[in-house]
Amino acid sequence: MKIAVVLRQVPDLIEPLEIVGSGNALDLDGASFLVNESDDHALEQAILLKESAGATVDVVALDFGDVDNTLYSAAAKGVDRLIKITLEDDKPPAPKAAAAMLAQAIGPIEADLVLIGCQAHDELQGALGPVLALKLGLPYLGVVRGVTAGDGGLQACKEFPGAVMARMNVQLPAVLGILAAESPPRYVPVSRIRAAMKSTQFDEQPGAAEPTEPAVVVRRMYHPEPAERAEMLVGSEAEVAGRIADILIERGIVK
Amino acid sequence: MSTPNILVLAETHDNTPADITLELLGGARQLAAATGGQVVAIVLGQAGSAAAEKMVGADRVVVIEDATLDAYSPGPYLAVLEHILTLESPRAVLIGSTTVGLDVGPALGAKLDAPVVGNCLRIEKQDDMLSVTSSLCGGKILADVEVRRGPAILMVLPGSFHATDQPATPEVDRRASPVPLEPGRITFDQMILPEAGDVDITAQDILVGVGRGIQQEDNMEVAEELAEALGGALCASRPIVDQGWLPTTRQVGKSGMTVKPKLYLALGISGAPEHLEGMKGTGLVIAVNTDPNAPIFDVAQYGTELDLLDLAPELTEAIKTRRVAT
Ligand SMILES: Cc1cc2nc3c(=O)[nH]c(=O)nc-3n(C[C@H](O)[C@H](O)[C@H](O)COP(=O)(O)OP(=O)(O)OC[C@H]3O[C@@H](n4cnc5c(N)ncnc54)[C@H](O)[C@@H]3O)c2cc1C
């Protein structure tokens, strides 16, 4: 089985997010980036399939943010090939252009299975997976937790509310949008990543963006101003704990 | 040119419209009043047919009565919806930001070359455009966007609209599928229900919710002791369940459980929209989070920026002391 995995960069939500001067986009210059969480699960799922059923795993990523470190870390986890799509400017392309560039790189791999995270927190126009699938002419199933290889295809579990899952039969080739791998992404020691930095070569491919007319125009981006925000309790741990305990007793929640 | 109509992709459970569907119909009513169009609900499958008359807020309900559509599989769903959207040519299609909606919305957008906006919180008509507010970055950023042409495919977060309080029975049009329904390469096999036997968090009055801020499995004990002192149960956000530190039956949120306790004490939970939708009906929310900008503070009545690992043991003691005293 040939598997292609898409790894995207997203701003780290631990750091404060700033808005550009014109007020209609995130200021990415000062942001720190990390791999999109569900893409990381997609990579883990690919490696698990490689270990259980035998597969080659090619990773495809757009070149911005901290992509090199993400790719070295993927190399240390045991992927077979790293494709970095270079961009004309150091900005993430619009979704349609991103899907076109990824499809251009993934097409020649002739992958049986394409895995991508089912969501990224900075996606304004919905998930990229279904758009990529259409470009590749493949079916798509998203919000998948766990994929196993069986006779003549795969079984993927799609999540529904209430901890309910639908088991789906997947005939390849197909694109799956992963929410969670069967087990959490593995930890790779820094020494292995360092070794990968020395031995790994990226396959760099230029990404050609088709100019598209935006159908969705961002007028303003801003931090939410909630109508009501929590009353913040300050003081030492003992003081705040005492205050919370009193609130719970006053309200009759704790008796 | 699109019509002024607003379509809603309905989801049903046990012969009843899902809560999100009634909310979408409420939102669609307001929008249709501005566009001067009708609200049309689309029900896919035979199983949902009995819910058609209960689609409060719809002028018209189109039911595609084909058992192939009873369980979600992408090929047949997309084939039917693409056909209906082309035929009806609505100004906007409201789809729930559900596990089905998240797949279907962007796929329809790509197929029809239609604009798509995810995580919508507000939708209004402004001149000849739609003005939409979308939540990004786990709820930390909002974006106001303009959608200039139809059909606008809008995936709406639960809780963004209210069901309409002016019920009227819609006209129901039950039809066979207008297109041949090929099963496609991805097909439904079976539903897997959660294992019984664990604590039912939906029936608890007091919940201590644990998020990624707990950092390590060893630290779960501090939260467990607190839950025990409070006489409640532990629940969690998704990363904790993904780590296997609690079973899936303890997950609160979009793909987890919907809880309505009297107290939800959130420890190290950021308050992503997917988590918040599972705890909307909580009486009192108290949040412990070291990030002053965490969205959980927008839904909590009380909050503290203290480290949960320092606060939780103190709180356990404070509760125990007061219990002894009373
Ligand atoms: C289709 C789909 C379905 C989903 N379904 C669900 C669902 O059902 N339930 C769910 O929860 N999520 C769900 N998610 C995931 C969701 O988007 C978020 O990723 C998740 O809720 C984040 O969990 P968290 O708040 O624990 O982690 P994070 O967002 O990483 O937040 C951790 C928080 O802990 C704080 N913190 C760190 N250290 C400390 C400390 N020592 N003391 C106090 N605070 C600290 C940080 O400031 C941060 O705010 C779903 C996502 C998708 C795409």
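None of these values were measured; they are calculated from a predicted model. Residue positions are given per chain, counting from 1 as you read along its sequence in written order. Throughout, the order in which chains and ligands are written sets their labels, letters from A for the former and numbers from 1 for the latter. Local features in a predicted model are, by the rule used here, given only for residues with pLDDT of at least 70; side-chain atom pairs are given and counted only at 80 or more, and totals for whole chains, interfaces and linings are based on all residues. Water and hydrogen atoms play no part in the side-chain values, which are based on all heavy atoms of the structure.

Comments concerning the nonpolar core
Okay, step 1: Side-chain atoms within 4.5 Å link the members of a nonpolar core, which is a set of buried Ala, Val, Leu, Ile, Met, Phe, Trp, Tyr and Cys residues. Burial here depends on accessible area, computed with a 1.4 Å probe over protein chains only, as a share of the maximum for the residue type. Under 20% is buried, over 50% is exposed, and the range in between is partly exposed. Counting 68 residues, the largest nonpolar core has Ile3, Val5, Val59, Leu115 and Leu176 of chain A together with Leu44 and Val104 of chain B as its most contacted members.
Okay, step 2: With near-sequence residues (within four places) excluded, Leu44 of chain B lies in contact with Leu9, Ile64, Leu69, Tyr77, Val80 and Leu81 of chain B. The contact criterion used throughout is that any non-hydrogen atoms of two residues lie within 4.5 Å.

Focus on the interface of chain B and chain A
Okay, step 1: Listed as interface residues are 84 residues of chain B and, on the opposing side, 81 residues of chain A.
Okay, step 2: Accessible area, probed at 1.4 Å, shrinks when two parts are joined; the buried area is that loss added up over both. Together, the buried faces of chain B and chain A total about 7200 Å²; carbon and sulfur atoms form 60% of this surface.
Okay, step 3: Looking at the side of chain B facing chain A, the largest losses of area belong to Arg185, Ile186 and Tyr302 of chain B, adding up to 10% of the total buried there.
Okay, step 4: In the sections that follow, a salt bridge refers to a side-chain nitrogen of Lys or Arg positioned within 4 Å of a carboxyl oxygen of Asp or Glu. The interface formed by chain B and chain A includes 10 salt bridges.
Okay, step 5: Here Asp242 of chain B and Arg145 of chain A are joined by a salt bridge, their closest N and O atoms 2.9 Å apart.
Okay, step 6: N or O atoms within 3.5 Å of each other form a polar contact, as long as, within protein, one can give a hydrogen and the other can take it, and as long as residues adjacent in sequence are counted only when both atoms are side-chain atoms. For the pair chain B and chain A, the number of links is 35 residue pairs in polar contact (both at pLDDT 80 or more).
Okay, step 7: For the purposes of this entry, the term helix denotes a DSSP run of H or I that reaches at least four residues, the term strand denotes a run of E that reaches at least two, and both are numbered from the N terminus. The greatest single-element share of the side of chain B that touches chain A, amounting to eight residues, is contributed by helix H8 (residues 308-325) of chain B.
Okay, step 8: For this classification, Asp, Glu, Lys and Arg are treated as charged, while Ala, Val, Leu, Ile, Met, Phe, Trp, Tyr, Cys and Pro are nonpolar and the rest, including Gly, are polar. Here the residues of the side of chain B that touches chain A sort into 41 nonpolar, 21 polar and 22 charged.

What about the state of the cysteines?
Residue and element names in this part refer to chain B.
Okay, step 1: A pair of sulfur atoms, both from cysteines and within 2.5 Å, is called a disulfide here. Across all of its chains, the model carries zero disulfides over all chains by this definition.
Okay, step 2: Here Cys120 is not cross-linked by a disulfide; its sulfur's nearest cysteine counterpart is in Cys137, at 15 Å.
Okay, step 3: Residue Cys120 is classed as buried on the basis of its relative accessible area, which comes to 0%.

A look at helix H4 (residues 220-230) of chain B
Okay, step 1: Along H4 of chain B, the residues classified as buried are Met220, Val222, Ala223, Leu226, Ala227, Ala229 and Leu230 of chain B.
Okay, step 2: In the core, the buried residues of H4 of chain B are packed alongside helix H6 (237-250) of chain A together with strand S13 (206-210), strand S14 (233-236), helix H5 (238-242), strand S15 (263-267) and H8 of chain B.
Okay, step 3: Residue Gly231 of chain B follows H4 of chain B closely and has a positive phi angle near 75°.

Considering the domain arrangement of chain B
Interfaces are often sized by the amount of accessible area the parts lose when they come together.
Residues and elements named next belong to chain B.
Okay, step 1: The domain boundaries here were taken from an automatic or database domain assignment. Taken domain by domain, chain B holds domain 1 (6-175) and domain 2 (201-325).
Okay, step 2: Once you take the C-alpha centre of each, domain 1 and domain 2 turn out to be 33 Å apart.
Okay, step 3: Each partner contributes to the interface: domain 1 provides 11 residues, whereas domain 2 provides 10 residues.
Okay, step 4: The contact between domain 1 and domain 2 buries some 730 Å² in all, and 61% of this surface belongs to carbon and sulfur atoms.
Okay, step 5: Ranking the residues of domain 1 by area buried against domain 2 places Gly138, Lys140 and Pro158 at the top, with a combined share of 50%.
Okay, step 6: The tally of links from domain 1 across to domain 2 stands at one salt bridge.
Okay, step 7: Lys140 is paired through a salt bridge with Asp291; the nearest N and O atoms lie 2.7 Å apart.
Okay, step 8: Here domain 1 is connected to domain 2 by two residue pairs in polar contact (both at pLDDT 80 or more).
Okay, step 9: For the side of domain 1 that touches domain 2, the class distribution of residues is three nonpolar, six polar and two charged.

Some details on the packing of aromatic side chains
Residues and elements named next belong to chain A.
Okay, step 1: Centres within 6.5 Å are what make two rings of Phe, Tyr or Trp a pair, Trp counting through its six-membered ring; a difference in plane orientation under 30 degrees is then read as stacked, over 60 as edge-to-face, and the rest as tilted. Counted by the stated rule, this structure contains three aromatic pairs over all chains.
Okay, step 2: With 6.0 Å between their ring centres and 85° between their planes, Phe33 and Phe64 make a pair best called edge-to-face. Taken together, the residues span a long stretch of sequence, with Phe33 in strand S3 (residues 33-35) and Phe64 in the loop between strand S4 (56-62) and helix H2 (67-77) at a distance of 31 residues.
Okay, step 3: On the basis of relative accessibility, which here comes to 15%, the residue Phe33 falls in the buried class.
Okay, step 4: For Phe64, a relative accessible area of 8% translates into the label buried.
Okay, step 5: Charges are assigned to positions over rings by a cutoff of 6 Å between ring centre and Lys NZ or Arg CZ, combined with an angular limit of 35 degrees from the ring normal. Directly above the aromatic system of Tyr222 lies the positively charged group of Arg220, at a separation of 3.6 Å from the ring centroid.

Notes on a negative patch on the surface
Residue and element names in this part refer to chain B.
Okay, step 1: Nonpolar side chains (Val, Leu, Ile, Met, Phe, Trp, Tyr) are joined into patches within 5 Å and like charges within 9 Å, using only residues with over 30% relative accessible area and no salt bridge. What sets the accessible areas is the Shrake-Rupley method with a 1.4 Å probe; for residues, cover comes only from the shown protein chains. Charged residues are defined here as Lys and Arg on the positive side and Asp and Glu on the negative side; His and the ends of the chain fall outside this count. Where a charge lies is defined by one atom per residue type, namely NZ (Lys), CZ (Arg), CG (Asp) and CD (Glu). Where like charges cluster on the molecular surface, the negative patch consists of Glu217, Asp218, Glu221, Glu224, Glu225, Glu228, Asp310, Glu314 and Glu317.
Okay, step 2: If you list the elements that add at least two residues to the negative patch, you get H4 and H8.
Okay, step 3: Considering every element that reaches the negative patch, the biggest residue donor is H4, with four residues.
Okay, step 4: You can see Glu221 is positioned in helix H4.

Brief notes about the sheet that holds strand S11 (residues 171-175) of chain B
Okay, step 1: By this definition, two strands are paired if DSSP reports at least two bridges between them. Read from one edge of the open sheet, 10 strands run S12(A)-S9(B)-S8(B)-S7(B)-S10(B)-S6(B)-S1(B)-S4(B)-S5(B)-S11(B), paired in mixed fashion. Looking at which strands have only one partner, the edges of the open sheet turn out to be strand S12 (216-222) of chain A together with S11 of chain B. Across this sheet, the average inter-strand angle for adjacent strands is 30°, counted without regard to direction.
Okay, step 2: In the sheet, strand S8 (residues 129-136) of chain B pairs with strand S9 (residues 141-147) of chain B via seven bridges, with the strands oriented antiparallel. Axis angles are defined between N-to-C directions and span 0 to 180 degrees, where every axis is a line fitted to C-alpha atoms and, for a helix, only to the segment in contact.

So, the site of the ligand
Okay, step 1: The full set close to the ligand counts 29 residues, and Gln119 of chain A together with Ser237, Val252, Ser270 and Asn289 of chain B are the nearest of them.
Okay, step 2: One finds residues of chains A and B in close proximity to the ligand.
Okay, step 3: Interatomic distance of 2.8 Å between a side-chain N/O atom of Glu274 of chain B and an oxygen atom of the ligand.
Okay, step 4: Considering the ligand on its own, with 980 Å² of exposed area, one finds that the protein chains cover 88% of that surface.
Okay, step 5: Of all the secondary structure elements, the ones that give two or more residues to the shell around the ligand are H5 and helix H6 (273-276) of chain B. The rule for a residue being near a molecule or strand is that one of its heavy atoms must lie within 4 Å of it.

Side note on the confidence of the model for chain B
Okay, step 1: pLDDT gives the predictor's per-residue confidence on a scale running from 0 to 100. With 100% of its residues at a pLDDT of 70 or more, chain B has an overall mean of 96.
Okay, step 2: In the model output, the complex is listed with pTM 0.96 alongside ipTM 0.95.

Section: the pairing of S13 of chain B
All names here are of chain B.
Okay, step 1: The buried fraction of S13 is high, at five of five residues.
Okay, step 2: The two faces of S13 match: Ile206, Val208 and Val210 on one face and Leu207 and Gly209 on the other face are all buried.
Okay, step 3: One ladder, built from five bridges, connects S13 with S15; its direction is parallel. Of the residues in S15, the one forming a bridge with Val210 is Leu267.

So, helix H2 (residues 74-88) of chain B
All names here are of chain B.
Okay, step 1: Expected helix span is given by 1.5 Å per residue-to-residue step, counting one fewer step than there are residues. Taking 1.5 Å per residue as the helical rise, H2 with its 15 residues ought to reach 21 Å, and the 21 Å between its terminal C-alpha atoms agrees with that figure.
Okay, step 2: Taken as a whole, H2 has its buried residues at Pro74, Pro76, Tyr77, Leu78, Val80, Leu81, Ile84, Leu85 and Glu88.
Okay, step 3: One or two positions beyond H2, positive phi appears at Ser89, with a value near 45°.

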